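Here is what each chain is made of, one letter per residue.
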Amino acid sequence: MALTHDAALNVAKVLTEALPYIQRFNGATVVVKYGGNAMTDPELERSFARDIVLLKTVGLNPIVVHGGGPQIGDLLKRIGKESEFIDGMRVTDSETMDVVEMVLGGLVNKSIVNLINQNGGRAIGLTGKDANLIRARRMTLAKKDAAGLDISVDIGQVGEVAGIKTDVLELMFKSDFIPVIAPVGVGDDGASYNINADLVAGKVAEALKAEKLILLTNIPGVMNKEKKVLTGLTTKAVDELIADGTIYGGMLPKIACALDAVKSGVQTAHIIDGRVPHACLLEVFTDEGMGTLISNRLPKPV
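All values derive from a computational prediction rather than experimental measurement. (Residues numbered from 1 in each chain as written. Predicted model: local features only at pLDDT ≥ 70, side-chain atom pairs only at ≥ 80, totals over all residues. Heavy atoms only, no water.)

So, the UniProt feature "binding site: substrate" (unreviewed entry) in the protein
No. 1: Summarizing the sequence annotation, UniProt attributes the feature "binding site: substrate" (unreviewed entry) to G68, G69, R90 and N194 in the numbering used throughout. A maximum C-alpha distance of 12.1 Å places the annotated residues, which cover 127 residues in sequence, within one compact spot. Considering only the residues just annotated, the largest pocket is lined by G68, G69, R90 and N194.
No. 2: With a relative accessible area of 9%, G68 lands in the buried category.
No. 3: Discounting residues that sit within four places of it in the chain, N194 has contacts with T92, M97, V100, L104, Q157, V158, G159 and P183. (UniProt positions renumbered as here; feature names shortened; annotations may be inferred. 1 Å grid on protein atoms, 1.4 Å probe; cavity = no way out; pocket = protein on both sides within 12 Å on 5 of 7 lines; lining within 4 Å. Buried < 20%, exposed > 50% of the residue type's maximum accessible area, 1.4 Å probe, protein only. Contact = heavy atoms within 4.5 Å.)

See below:
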């Protein structure tokens, strides 16, 4: 059925609005952290996959870093193992780490790879253990005991990023593949480490000096005290919002990841609502965008 006149004009408007962004970002690297509701709703999954394929098709180099916490919890429950958390971090003993690797490096990673490929892309799945992509070190939590003294709490095979090897990712770009990365790192001792996906995405973006780091979340973006989304922020403004308590609680780690990336050479970080279909395209290729953009300086208009 032919488009109506108004619908045709709307399509033309969208395409012409996107053109300057497509031209500006040709050849640019975009790291997307994928998780939350967008990973559990079939229509949002298809929307995400099409977005990634379109980014690649028009000349960008997308990299997907994914989470999988709920899926890990589900499998642990099925095998009768209790999940334990300290300050939001999953305590990861050797048995739990085996499950983490199976879920992230197998089930979830290959599902995303297949989804992208079914929508016309050429995705390849990786964990941080492939080609030593993600070097890790053990993370310990600093807490206070009953007497108020500082102590370190061992939470098992939970890691932080010690380094990213970019050569395998750059090789994939040259071969027209889309890397899909599971956030499992390897330590100097050869042990596997479970790493927060936001943190891995930020460090990959830093290592590649990416144009954009996009964090898909379950909220519209960074909001002020009146619950209005703040659409464009400098790193200085974000520091001030943290200091005055506007940004607090569960958003702090995600914001810290975005800030670190931008302060370390990534041009812009975006916190956007993964519950909205085609959220990535709307943020990258439209004038208004749809989330919070963080930059050392606000971008020039196209």
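Notes on the pattern of salt bridges
No. 1: In the structure shown here, the tally under the stated rule is 15 salt bridges.
No. 2: Two residues, D154 and R138, come together in a salt bridge whose shortest N-O distance is 3.3 Å. Here R138 lies in strand β6 (residues 134-144) and D154 lies in strand β7 (residues 150-164), a separation of 16 residues in the sequence.
No. 3: The exposure class of R138 is partly exposed, given its relative accessible area of 38%.
No. 4: Residues participating in the shared-partner salt-bridge network are K33, D198 and K254. (Salt bridge = Lys/Arg side-chain N within 4 Å of Asp/Glu carboxyl O. Helix = DSSP H or I, 4+ residues; strand = E, 2+ residues; numbered from the N terminus.)

A short note on the side chain of K33
No. 1: Tracing the backbone shows K33 in strand β1 (residues 29-34).
No. 2: Here K33 falls in the buried class, since its relative accessible area comes to 11%.
No. 3: What K33 contacts, discounting residues up to four positions off in sequence, is V65, G67, A197, D198, A201, I214, L215, L216 and K254.

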